[in-house]
Amino acid sequence: MARSVVVGGNWKMHLELDSAVALASDVRNRLGSQRGAEVIVFPPFPFLVPVAERLRESRVAIGAQDLWPEAKGAFTGAVSASMLRSVGCEWVLIGHSERRHVFGDDDALVARKLTVAMAEGLKPVLCVGERLEERQAGRTFEVLGRQLDTALAGHTAAALASLVIAYEPVWAIGTGQVATPAQAQEAHAWIRDHLRGTHGAAFADAVRIQYGGSVKGSNAAGLLSQPDIDGALVGGASLQADDFAAIVRARAA
Ligand code: PGA
């Protein structure tokens, strides 16, 4: 089945107001009317409103990098799903490896965040991926299976219709050490096959799986030409609008 390309730019904890708005304008100029690929940017929380303003009536959507899975209350420093919806977010990253490994989000918290995001109408990008020592120990698929199962258990295929999965091997994130197209394809095919077992063939064939980890304009075509790679989640290179645009256009190239 033909799945459309989806490319996200995760700005992480970079930029300040002026540079964030300038980047949003540059992304809009290059990709604001792009067809054939879905494009999302994930700015830091303080820049969601001005970036959404810049991207209004363009084809570039906006998402948040995280949320807290409670509706409201005494949760100092946290941001709820309904807050994100109210400022124009359509998407949210769930379980990014930096949340898991820097901030300590465990599988149970990732599952709660996913459930709340979907209940509030946010489209989730669920990030999964193994660490280097897990890959070297031959445990990649065990880790991916556990991360997928704990997050997706209890949700029907229909409820997960908007879900995007990002396969991001931790050893490839921010390191310049991109997975080879064959390594990435192997993991993506495994994920799709696993989802066939847990959520059925129709869901597995339709769900889009992004690759993330040191994607650049120069390596995107090799990755995106793989049969089970449906897009990219881009960190560092998404801060350069020209490189980000090259990644979005890589499948066509
Ligand atoms: P990177 O980050 O492209 O800088 O490796 C990817 C990500 O963390 O989503």
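Residues numbered from 1 in each chain as written. Predicted model: local features only at pLDDT ≥ 70, side-chain atom pairs only at ≥ 80, totals over all residues. Heavy atoms only, no water.

*Asks:* What exactly am I supposed to notice about the site of the ligand here?
*Replies:* Taken together, 13 residues form the shell around the ligand, and within it K12, H96, E168, G174 and S214 come nearest. A distance of 2.8 Å separates an oxygen atom of the ligand from a polar atom in the side chain of K12. Here G236 contributes a backbone N or O atom positioned 2.8 Å from an oxygen atom of the ligand. Coverage of the ligand by the protein amounts to 95% of the 280 Å² it exposes when considered alone. When the residues that make up the shell around the ligand are grouped by side-chain class, the tally is four nonpolar, seven polar and two charged. (Near = heavy atom within 4 Å. Polar contact = N/O pair within 3.5 Å; in protein donor to acceptor, adjacent residues only side chain to side chain. Areas by Shrake-Rupley, 256 points an atom, 1.4 Å probe, with all protein chains shown as cover. Nonpolar A, V, L, I, M, F, W, Y, C, P; charged D, E, K, R; others polar.)

*Asks:* When you look at the pairing of strand 4 (residues 91–94) in this model, what are you seeing that I'm missing?
*Replies:* Side-chain positions along a regular strand alternate between the two faces of the sheet. A two-sided burial pattern is seen for strand 4, the buried positions comprising W91 and L93 on one face and V92 and I94 on the other. Where strand 3 (residues 60–64) lies against strand 4, two bridges are found, and the strand directions are parallel. Across the sheet, G63 pairs through a bridge with W91, a residue of strand 4. One crossover worth recording links strand 3 to the parallel strand 4 by way of helix 3 (residues 81–86), and it is right-handed. Looking at chain direction, strand 4 and strand 5 (residues 123–128) are connected through four bridges and run parallel. (Buried < 20%, exposed > 50% of the residue type's maximum accessible area, 1.4 Å probe, protein only. Helix = DSSP H or I, 4+ residues; strand = E, 2+ residues; numbered from the N terminus. Pairing = 2+ DSSP bridges. Right-handed = clockwise from strand over helix to strand, strands pointing away.)

*Asks:* Help me understand the side chain of D107 in this model?
*Replies:* Along the chain, D107 turns up in helix 5 (residues 107–119). One polar contact links D107 to R100, side chain to side chain, over a distance of 3.0 Å. With near-sequence residues (within four places) excluded, D107 lies in contact with R100, R146, Q147 and T150. (Contact = heavy atoms within 4.5 Å.)

*Asks:* So what exactly am I meant to see when it comes to the pairing of strand 5 here?
*Replies:* Here strand 5 lies mainly inside the structure; five of its six residues are buried. Pairing analysis gives four bridges linking strand 5 to strand 6 (residues 164–167), with the strands arranged parallel. Bridged to V128 within strand 6 is Y167.

Geometric descriptors of this kind do not, in isolation, establish any biological role.
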